[in-house]
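# Examination of the molecular architecture
So the chains spell out like this:
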Amino acid sequence: MCKTKKPSQRAALFAVLIGILIMGITLFVPPVLGSADNGEYASIIEGNGLYKLDRGKKDEYFSYASVKYGVNQYYTEQKTNFSSQNLFIQVAKGLNWIFAKDKTTFDIRFYGCLLGLYLLGALYLIVEYMAGKFPKGKYLIAVSSILIFCDTAYLTWFLSFYPESVIYPSLLMTIACILQLSRDYHRHSILFVLLIMSGGILVTISPKTMLWGSVVGGFFLLLLYGWKKKKYLKLFSKEKEKSCGIILAVLAVLSIGTGLIFQVLNGQIERTEQYHSMTKGMMMASQNPEETMDFFCINRSYSLLDGSSAYERYPAIDIQDKILEKDFYSKYGTGKILFYYFSHPDAFSKMIQLIVNQAYTVHSDTGGNYDREAGKEPGTKTDFFKVYSNLKEKYTPRALGFLLILIVLFWISNRKDWWSRVVFLYLVIAGLCVMLDVIVRTGVAGAARHLFFYNIIFDLLIFFLFSQLLEWLCERWKRKNHKKQIIELLGFSILMTGCKQDIRVQKIVKYAPVKEYSVNGEKDERETICYQFIRNQMMKNG
């Protein structure tokens, strides 16, 4: 026999259906919405046998989100770095070859479809967890999940080759599996495999995401602690419980080791990032850039580079110049940058404020969202289904104090759910560490994209608190409604003293809210409760 779906599962399916509708309109119904190339595509698509059809045009960059790409018909020696993103691209190419009529072009919507399905799986698990935790407002929670996680600001990444297109669903799936492992909605072995897969994909998207291996390793350490204390994560029989702890410990070591390998192999900051850490970081935060140059024993004339960017159309200087290598880059590194901010708290405070100002913008410098065939002006951005992202960008207080208030509210309101408290506190700490990494490595240059991880964590925290608020409002509304009905019916029944008792009770039983009903002729529990309540009140009133 088919098992009846739980209310939380029905709410999750409801969210998935609405998500399919929004994604279908955004990614597949003309005019489709994506993200324009800012110059990063070449290093990703050329190694996967693709090329841009609009290459060489004046508006090639930042203007239009291309839907069609050319497929190389000959062997190319162009190699690409190992990345889990390549797996999605190759699968999408296979689907394109099977279903597309024109085999010489690649439709990026196949790629977007794969990522959309990936996101829907994560959305189902998150909504199911929240709806099970807060059952009274389950369908409102499902709708709010669509407003937050299916916002076009996120979905337009899917029709692009930016790493964020894979980072977003992978991070949500990883967190969804972590939360679900504290429940018994699904087999823990399946969730554990999904956790390993999504965590592995997240860490191997690009060299920079390898740093998040330490974050994923922290998840496994949390699971190890939860398994030991609360007996979560039921992977094996009781006879083989020790195997579970061993697996978690090994995975934690491997994940954290991946993050450490990133630090070792990339200990030397890339030249572009190192340039921005000074010109878009310490110089901008300093009241006197010349004194900052003196701190690092750099010639004061370099203070003229204050605020300059390597991505300008006409850069102030060639950042790969050998003179810079000798007189500028060699004077500071990660350690000296940290020491500078530690010894200059005013500059660090200003830098935090500059970063926070960009922390709630999902899209910043990725250009237009429309394809050329839409007939829009170059660089035109969409406003379709961006209610949440627009509200967040315009009205979120630009202060870390606001985040601290949210954390305190979350901690207080989840006193009985220690697992959620620990997981979200850990995520927030990880998000703040990412913010610190951005300050040290790149300054405010492209901060919105570098803070993509923080943005997702913030949205999850807002979603959790909003779900709790909906649960509280639904409960209050029902209580208020029921109290009002009982009081009105009580007053009516007292006035009807000349009427028969059965009429009075009939009126109250018809409207009074109770859970139990009479079965097989047994006395209705509603009648007993309502009649006793009325009798007591009438005796008090004489």
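Residues numbered from 1 in each chain as written. Predicted model: local features only at pLDDT ≥ 70, side-chain atom pairs only at ≥ 80, totals over all residues. Heavy atoms only, no water.

## Focus on unusual backbone geometry
Of the consecutive residues P30 and P31, the connecting peptide bond is found in the cis state with omega at -5°. Of note in this structure, F62 is not a glycine but carries a positive phi near 65°. Locating F62 in the fold gives a position in the loop between β1 (50-52) and β2 (68-71). Backbone geometry places C297, a non-glycine residue, at a positive phi of 60°. Counting through the fold element by element, C297 comes out in the loop between α12 (289-295) and α13 (322-327). Looking at C297, the relative accessible area reads 60%, which means it is exposed. (Helix = DSSP H or I, 4+ residues; strand = E, 2+ residues; numbered from the N terminus. Buried < 20%, exposed > 50% of the residue type's maximum accessible area, 1.4 Å probe, protein only.)

## Focus on the sheet that holds strand β3 (residues 105-107)
Ordered in space as β1-β2-β3, the 3 strands form an open sheet in which the pairing is antiparallel. Edge strands, defined here as strands with exactly one partner in the open sheet, are β1 and β3. When strand polarity is set aside, the average angle formed by the axes of neighbouring strands in this sheet is 45°. Both β2 and β3 contribute to a ladder of 3 bridges, which runs antiparallel. Within β3, the residue paired with Y69 across the bridge is F106. Sheet strands touched by helix α3 (residues 84-99): β1 and β3. Its angle to β3, the strand with the most contacts, is close to 110°. (Pairing = 2+ DSSP bridges. Axes fitted to C-alpha atoms, helices over the stretch in contact; angles between N-to-C directions. Contact = heavy atoms within 4.5 Å.)

## Observations concerning helix α1 (residues 7-27)
Helix length check: α1, at 21 residues, gives a terminal C-alpha distance of 30 Å against a target of 30 Å (1.5 Å per residue), a fit within 8%. Turning to α1, its buried residues are S8, Q9, A11, A12, A15, V16, G19, I22, M23, T26 and L27. For α1, the angular spread of buried residues about the axis comes to 150°, placing them on one side. In α1, the exposed positions that point more than 90 degrees away from the buried face belong to L17 and L21. Tucked inside the fold, the buried residues of α1 contact α4 (109-133), α5 (138-149) and α6 (152-155). (Expected span 1.5 Å × (residues − 1). Arc of directions from axis to C-beta.)

## Description of the pattern of salt bridges
Taken as a whole and judged by the stated rule, the model has 12 salt bridges. We note a salt bridge from R441 to D437, for which the minimum N-O separation is 3.0 Å. Separated by 4 residues within a single helix, R441 and D437 lie in helix α18 (residues 418-441), roughly one turn from each other. Under the relative-accessibility criterion, R441 is labelled buried at 9%. (Salt bridge = Lys/Arg side-chain N within 4 Å of Asp/Glu carboxyl O.)

## Brief notes about the nonpolar core
Counting 129 residues, the largest nonpolar core has F161 and F328 as the members making the most contacts within it. Ignoring sequence-local partners within four residues, the contact set of F328 consists of Y275, M278, M293, I298, Y302 and I323. (Core = buried A, V, L, I, M, F, W, Y, C linked by side-chain atoms within 4.5 Å.)

## Observations concerning the pairing of β2
Bridge count between β1 and β2: 3 bridges; the pairing is antiparallel. For L50, the partnering residue across the bridge sits in β2 and is V71.

## Here we look at the environment of M435
Here M435 shows up in helix α18. Sequence-wise, M435 and A359 are 76 residues apart; in three dimensions their C-alpha atoms are separated by 8.6 Å. Those residues in contact with M435, other than ones at most four positions away along the chain, are I355, V356, A359, L400, L451 and Y454.

## As for the confidence of the model for the chain
Counting all residues, the mean pLDDT for the chain is 78, and 75% of those residues have values of 70 or more. Within the model, the stretch residues 236-240 combines pLDDT values under 50 with 3 contacts to residues more than four positions away or in other chains. In this model residues 494-527 is a low-confidence stretch, pLDDT under 50, and it forms 37 contacts with partners more than four residues away in sequence or in other chains. (pLDDT = per-residue confidence, 0-100.)

## Comments concerning a nonpolar patch on the surface
Where nonpolar side chains cluster on the molecular surface, the patch consists of L21, I25, F28, V29 and F384 and spans about 410 Å² of accessible area. Mapped onto the elements of the fold, L21 is located in helix α1. Judged by relative accessible area, L21 falls into the exposed class, the value being 53%. (Patch = residues over 30% accessible without salt bridge, like charges linked within 9 Å, V, L, I, M, F, W, Y side chains within 5 Å. Areas by Shrake-Rupley, 256 points an atom, 1.4 Å probe, with all protein chains shown as cover.)

## A closer look at the side chain of S66
Along the chain, S66 turns up in the loop between β1 and β2. Using a relative accessible area of 13% as the deciding quantity, one classes S66 as buried. Residues within four places of S66 in sequence aside, it is in contact with D54, I108 and D371.

## Focus on the side chain of S63
You can see S63 is positioned in the loop between β1 and β2. Ignoring sequence-local partners within four residues, the contact set of S63 consists of A36, G368, P378, G379 and T380.

## Some remarks on the environment of Y64
Relative to the elements of secondary structure, Y64 occurs in the loop between β1 and β2. A residue is classified by how much of its surface remains accessible, and Y64, at 10% relative accessible area, is buried. Sequence-distant contacts of Y64, defined by excluding residues within four places in its chain, comprise A36, D37, D59, Y370, D371, R372, K376, E377 and P378. Looking at Y64, its side chain comes within polar contact range of the main-chain oxygen of K376, at 2.9 Å. (Polar contact = N/O pair within 3.5 Å; in protein donor to acceptor, adjacent residues only side chain to side chain.)

## Comments concerning the packing of aromatic side chains
Taken as a whole and assessed by the stated rule, the structure comprises 33 aromatic pairs. A centroid spacing of 5.6 Å and a plane angle of 80° characterise the contact between F328 and Y332, whose relative ring orientation is edge-to-face. Y332 shares its class with F328; the two are buried. Measuring from ring centre to ring centre gives 6.2 Å for F384 and F385, while their planes differ by 45°; the resulting arrangement is tilted. Judged by its relative accessible area of 32%, F384 falls in the partly exposed class. An aromatic cluster is built from Y41, Y69, Y111, Y154, W157, F158, F161, Y162, Y168 and F452, whose rings are joined through pairwise contacts. Against the face of W97 rests K103, its NZ or CZ located 5.5 Å from the ring centre. (Phe/Tyr/Trp six-rings, centres within 6.5 Å; stacked < 30°, edge-to-face > 60°. Lys NZ or Arg CZ within 6 Å of the ring centre and 35° of its normal.)

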